[in-house]
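Summary of the model geometry
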Amino acid sequence: MGFDEQMKKDTRIENYLHVLEILSQSTDDYLFLWDIDRDENWFFGAVDIEYALRDKGKPTNTTAEMEEIIYPADLDLLHEDLQEIAKGTKMIHNMNYRWVNRQGEAVWISCRGKVILDAEGKPFVMIGRVSDTALRYLYNPLTRLYNKTKMLSDIQENMLVDEGGYFMLVDVDDLGDINLKHGRKYGDEILKSLAKALEEIVQSQKIYHIEHNCFAVYLDAETEQEVCTVYNSIQAILAEKCTISAGVVPNNNDMFKEKNYLYDCADQTLRKAKNNGKSTIAFFSETDLKQKISAMELLGEIQESVKNGCEGFYLCYQPQVKAGNYRLYAAEALLRYNSKTRGRVFPDAFIPLLEESKLIMPVGRWVLETALMQCRYWRESCPTFRISVNFSTIQLREKDIDQKVLEILEKADLPGNALTIEITESIQMQELQYFSNIFKVWRAAGIEISLDDFGTGYANMGYLKQLEVDEIKIDRMFVKGIREATYNYKLVNNIIDFAKMNTLRICCEGVEDVSELAVLEGLSPNLLQGYLFDKPCEKEDFERFYINKESMEYQEHMDFVQELYQYKEKMRVIYFDAKDILRNTDVGLWLIRIHEKEQRFEMHADDTMERIMAVDKKYTPEECYNFWHDRIKQDYVEYVHKNVNRMIEAGKVVQLQYPWIHPGLGEVIVRCSGRRVEDSDGMITLEGYHRIISDIEETSIL
Ligand code: C2E
Ligand code: CA
Ligand code: CA
């Protein structure tokens, strides 16, 4: 190249630099010029504040110097691209990759540049811009991996590969428990380790952190065996910290190019892995594929139905009866679909489809309208009749759902207390506030809120307090094993005790036979629901059995209740060795204060406590203590003392049960639970409740 030629080029470069300098003042992007012959990178804007560039005092950096701020995993890809540019085989550079900022964090940047040719048609500069904000919405702030939005767009734009390879979802088992045990920060560290392990093993950019606890990765593998090797290597790296589960779909079906099917199927497969006992990898099978296709067909049919005013949908009603006397209290409305091609379809098959497609919103509205109209009609003969309607969390996210429900209620001309809304326990903590606000509006209008499937999700007692619900439905999973499984029995027992203390109503679901009924009866829930009483019935049947007092079926039902009464005698004998266990659900609250040195004892009782102990006049706290203490059955005094000492020393809740001489009823069994709280007035202070579990009167809190 001649001297002239070089001069010309230099002048051109100077001019470009000048223009870039001016332009850079009107953008937050970093403009650059790469002088290809000299290998000098000029950057404009305050790029050196965030990134370690120009540290050596020069205004430019060589490509080798640039590489120091490039995320190692992305180097090879960048090299390849830049080589083609320098060779002249590529004119446009358009790449997303990562830089590392001065804090050592990876930052996704979008880099675009255009090559300019010299007089001989050879590339001599590339001019372009780098943006470190353009991709901010495309990656996860914790791990700096691409997020779900980016994954879905990559799938849709066929950025994975057209065909072949595997798509894998991975998540950490029981991360919720880990967070609870060790704190969220520790959980986040695990997620970062998983991200790192994935990058180490997979070495590609097709790794996504798609949800808090879920990663997706595309694997360029040929066999399931290869995929398993990847899975095992990742598991091995994390072995000390956690186990992981994976769901894998071979990318071999045209269907996967549509919508989110590839992701949906992987998600379904991951759930399969979890059901197989976690810490496992599961593959999407032929059967899974058939199921998916069938579900898609059903969805198509349902979409048509919804367009035609929810044609084909109808409601069944399952009675909820009061425990103890088995009288009708309410009905739960349960949705059914009558398919033209497959007949009657149950919710398990279509509710997930309605939820994914958001069709649950119009269908849910139809359910509520239909159920309320039915309720109003039945109330003409049965004025206290109420209806329970299920709501998915997706429905609760509908805009202005609180007001919409009130409008539908008003249109049906019903008071709020005719309606109970059942929501599932799976509401996430983060959303608690949002949902609480909706429930507040509803509760102010008299509508009651019920927490469905209790025991299967994340809910704990503290969570219940925050949510302020009116009813808990104990899932049938616990009811089912109640006779044999001590754990279930204890759990249900504790939930019921807790509910009683907080005046919550308890409904036990899935009561299928009298032996389950017998055990449950001993725990005094408020409501019962299950096949023992009835399966969900179509409205005509429900009306004959429960509403229309003249019908034969109504009589039949009453006879059945009589039979249950007869069983009752038997149940008590079998399960509770006491003559008169009926239901007194009242819980008295007490506070005991002890001055050890002076041997002074006080009992402070609330109104209920005074009533159930049949305190006949206003005692001082010391007299009250003596009143209670003197009536503990003689042989048990020591046992009670021992347990009170345990409360004082153990610092945890202690439960005890002892015979007590009731002034009116004689000997009754008292269940009592208490714990030590902060001392007051220099006295050891215990707090707890007291409940008579065998008594004579039948009172119901309903
Ligand atoms: P869920 O709310 O827990 O409803 C109770 C389910 O248990 C019903 O199933 C009912 O038929 C069944 N069941 C009742 N008693 C017994 C029993 O003694 N033994 C056994 N094995 N099962 C019993 P179904 O009708 O198939 O409903 C399944 C789920 O679908 C419901 O569970 C609910 O989550 C959902 N669902 C039903 N209708 C609607 C609706 O209108 N909207 C929404 N969002 N979800 C609904
Ligand atoms: Ca329910
Ligand atoms: Ca349930």
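Residues numbered from 1 in each chain as written. Chains lettered and ligands numbered in written order. Predicted model: local features only at pLDDT ≥ 70, side-chain atom pairs only at ≥ 80, totals over all residues. Heavy atoms only, no water.

What follows concerns the overall build of the protein. A count of helices and strands for the protein gives 24 helices and 26 strands. Expected size for 702 residues packed as a compact globule is a radius of gyration near 27 Å; at 35 Å, the protein overshoots this value by more than 25%. The dimensions of the protein, computed from C-alpha atoms along their principal axes, are 120 × 75 × 50 Å. In the protein, which comprises 702 residues, the proportion classed as buried is 49%. Sequence-distant contacts in the protein: of pairs separated by 6 or more residues, those separated by 24 or more amount to 61%. Total accessible area on the protein is roughly 34,900 Å²; 49% of this is exposed by carbon and sulfur atoms. Counting 84 positive and 118 negative side-chain charges, the protein places the centres of these two groups 2 Å from one another. (Helix = DSSP H or I, 4+ residues; strand = E, 2+ residues; numbered from the N terminus. Rg over C-alpha atoms; globule rule 2.2 N^0.38 Å. Buried < 20%, exposed > 50% of the residue type's maximum accessible area, 1.4 Å probe, protein only. Contact = heavy atoms within 4.5 Å. Areas by Shrake-Rupley, 256 points an atom, 1.4 Å probe, with all protein chains shown as cover. Lys, Arg positive; Asp, Glu negative; His and termini not counted. Charge placed at Lys NZ, Arg CZ, Asp CG, Glu CD.)

With that settled, consider helix α6 (residues 175-182). Listed as buried for α6 are Leu-175, Ile-178 and Asn-179. One face of α6 carries all of its buried residues, which in axial projection span an arc of 100°. Of the exposed residues in α6, the ones pointing more than 90 degrees away from its buried face are Leu-180 and Lys-181. In this structure, the buried residues of α6 make contact with β7 (166-172) and α7 (184-202). (Arc of directions from axis to C-beta.)

Another aspect to go through is the packing of aromatic side chains. Within the structure shown, the criterion is met by 29 aromatic pairs. Between Tyr-166 and Phe-283, the aromatic rings sit 6.4 Å apart at their centres with planes inclined by 85°, giving edge-to-face as the arrangement. Linking Tyr-166 in strand β7 with Phe-283 in strand β11 (residues 281-283), this pair joins segments that are 117 residues apart in sequence. For the pair Tyr-166 and Phe-283, a shared accessibility class is recorded, and that class is buried. An aromatic cluster of three or more residues is present, and its members are Tyr-317, Trp-378, Phe-385, Phe-542, Phe-545 and Tyr-546. (Phe/Tyr/Trp six-rings, centres within 6.5 Å; stacked < 30°, edge-to-face > 60°.)

With 94% of its residues at a pLDDT of 70 or more, the protein shows a mean pLDDT of 88. Here helix α16 (residues 461-467) stands out as the least confident element of the protein, with mean pLDDT 71; strand β15 (residues 386-391) is the most confident, with 98. Throughout residues 573-584 the model reports pLDDT below 50, and contacts reaching past four residues in sequence, or to other chains, amount to 32 contacts. Low pLDDT, under 50, characterises residues 695-702; the stretch is placed with 19 contacts to residues that sit more than four places away or in other chains. (pLDDT = per-residue confidence, 0-100.)

Bound to the calcium ion (ligand 3) on the protein side are Asp-452 (OD), Asp-453 (OD), Glu-509 (OE) and Glu-509 (OE), at distances that span 2.2 to 2.5 Å. Donor residues for the calcium ion (ligand 3) sit on one chain with the sequence pattern D-D-x55-E. A gap of 4.1 Å separates the calcium ion (ligand 3) and the calcium ion (ligand 2), which Asp-452 links by coordinating each metal. Linking Asp-453 in strand β17 (residues 448-454) with Glu-509 in the loop between β19 (505-508) and α19 (514-523), this pair joins segments that are 56 residues apart in sequence. Using a relative accessible area of 25% as the deciding quantity, one classes Asp-453 as partly exposed. (Donors = N, O, S within 2.8 Å, 3.2 Å for Na, K, Ca; no water.)

Attention shifts here to the packing of α6 against α7. The contact between α6 and α7 brings their axes to 6 Å, and the two run at 135°. Between α6 and α7, the crossing angle belongs to the class labelled oblique. Across the interface between the two elements, Leu-175, Ile-178, Asn-179 and His-182 from α6 touch Arg-184, Tyr-186, Gly-187, Ile-190 and Leu-191 from α7. Within the contact of α6 with α7, the residues separate by chemical class into five nonpolar, three polar and one charged. (Axes fitted to C-alpha atoms, helices over the stretch in contact; angles between N-to-C directions. Parallel < 35°, antiparallel > 145°, perpendicular 65-115°, else oblique. Nonpolar A, V, L, I, M, F, W, Y, C, P; charged D, E, K, R; others polar.)

The subject of this paragraph is the domain arrangement of the protein. Domain parsing of the protein yields domain 1 (3-135), domain 2 (139-284), domain 3 (297-576) and domain 4 (581-692). The distance between the C-alpha centroids of domain 1 and domain 4 comes to 79 Å. (Domains from an automatic or database assignment.)

Core analysis: the biggest nonpolar cluster contains 86 residues, and Phe-313, Ile-387, Phe-391, Leu-419, Trp-442 and Leu-528 have the highest contact counts within it. Counting residues per element, this core draws most heavily on helix α12 (residues 360-379), at nine residues. Look past the residues within four positions of Leu-419 in its chain and what remains in contact with it is Leu-368, Leu-372, Arg-386, Ile-387, Val-389, Val-405, Leu-409, Ile-447 and Glu-448. Ile-36, Met-66, Val-107 and Met-126 belong to the second largest nonpolar core, which has 47 residues in total. (Core = buried A, V, L, I, M, F, W, Y, C linked by side-chain atoms within 4.5 Å.)

Now for the coordination of the calcium ion (ligand 2). Looking at the calcium ion (ligand 2), one finds its protein donor set to be Glu-332 (OE), Asn-390 (OD1), Glu-422 (OE) and Asp-452 (OD), positioned 2.1 to 2.3 Å from the metal centre. When its relative accessible area of 1% is taken as the criterion, Glu-422 is described as buried.

This part is about unusual backbone geometry. For residues besides glycine, phi is generally negative; the peptide bonds are generally trans as well. A positive phi angle, near 55°, is found at Asp-174, a position not held by glycine. Position of Asp-174 relative to the elements: it lies in the loop between β7 and α6. Not every positive phi belongs to a glycine, and Asp-413 is a case in point at roughly 60°. The topology assignment puts Asp-413 in the loop between α14 (401-411) and β16 (419-424).

For the rest of this paragraph, the subject is the sheet that holds strand β2 (residues 40-43). Pairing in this open sheet of six strands is antiparallel, and the strands run β3-β2-β1-β6-β5-β4 from one edge to the other. With partners counted over all chains shown, the strands left at the sheet margins are β3 (60-61) and β4 (92-100), one partner each. Docked against the sheet, helix α4 (residues 75-87) engages β1 (30-35), β4, β5 (106-117) and β6 (123-131), running at close to 145° with respect to β4. (Pairing = 2+ DSSP bridges.)

Our next topic: the site of ligand 1. Around ligand 1 sit 24 residues, and of these Arg-336, Asp-452, Arg-476, Glu-512 and Tyr-531 come closest. Taking Gln-395, its side chain carries an N or O atom lying 3.2 Å from a nitrogen atom of ligand 1. The side chain of Glu-509 places a nitrogen or oxygen atom 3.4 Å from an oxygen atom of ligand 1. With the chains in place, 86% of the 800 Å² that ligand 1 exposes on its own is no longer accessible. For the shell around ligand 1, the elements supplying multiple residues, two or more each, are β13 (328-339), α11 (347-356), α12, β15 and β17. Top element by residues in the shell around ligand 1 is β13. It accounts for four residues. When its residues are assigned to classes, the shell around ligand 1 shows 10 nonpolar, six polar and eight charged. (Near = heavy atom within 4 Å. Polar contact = N/O pair within 3.5 Å; in protein donor to acceptor, adjacent residues only side chain to side chain.)

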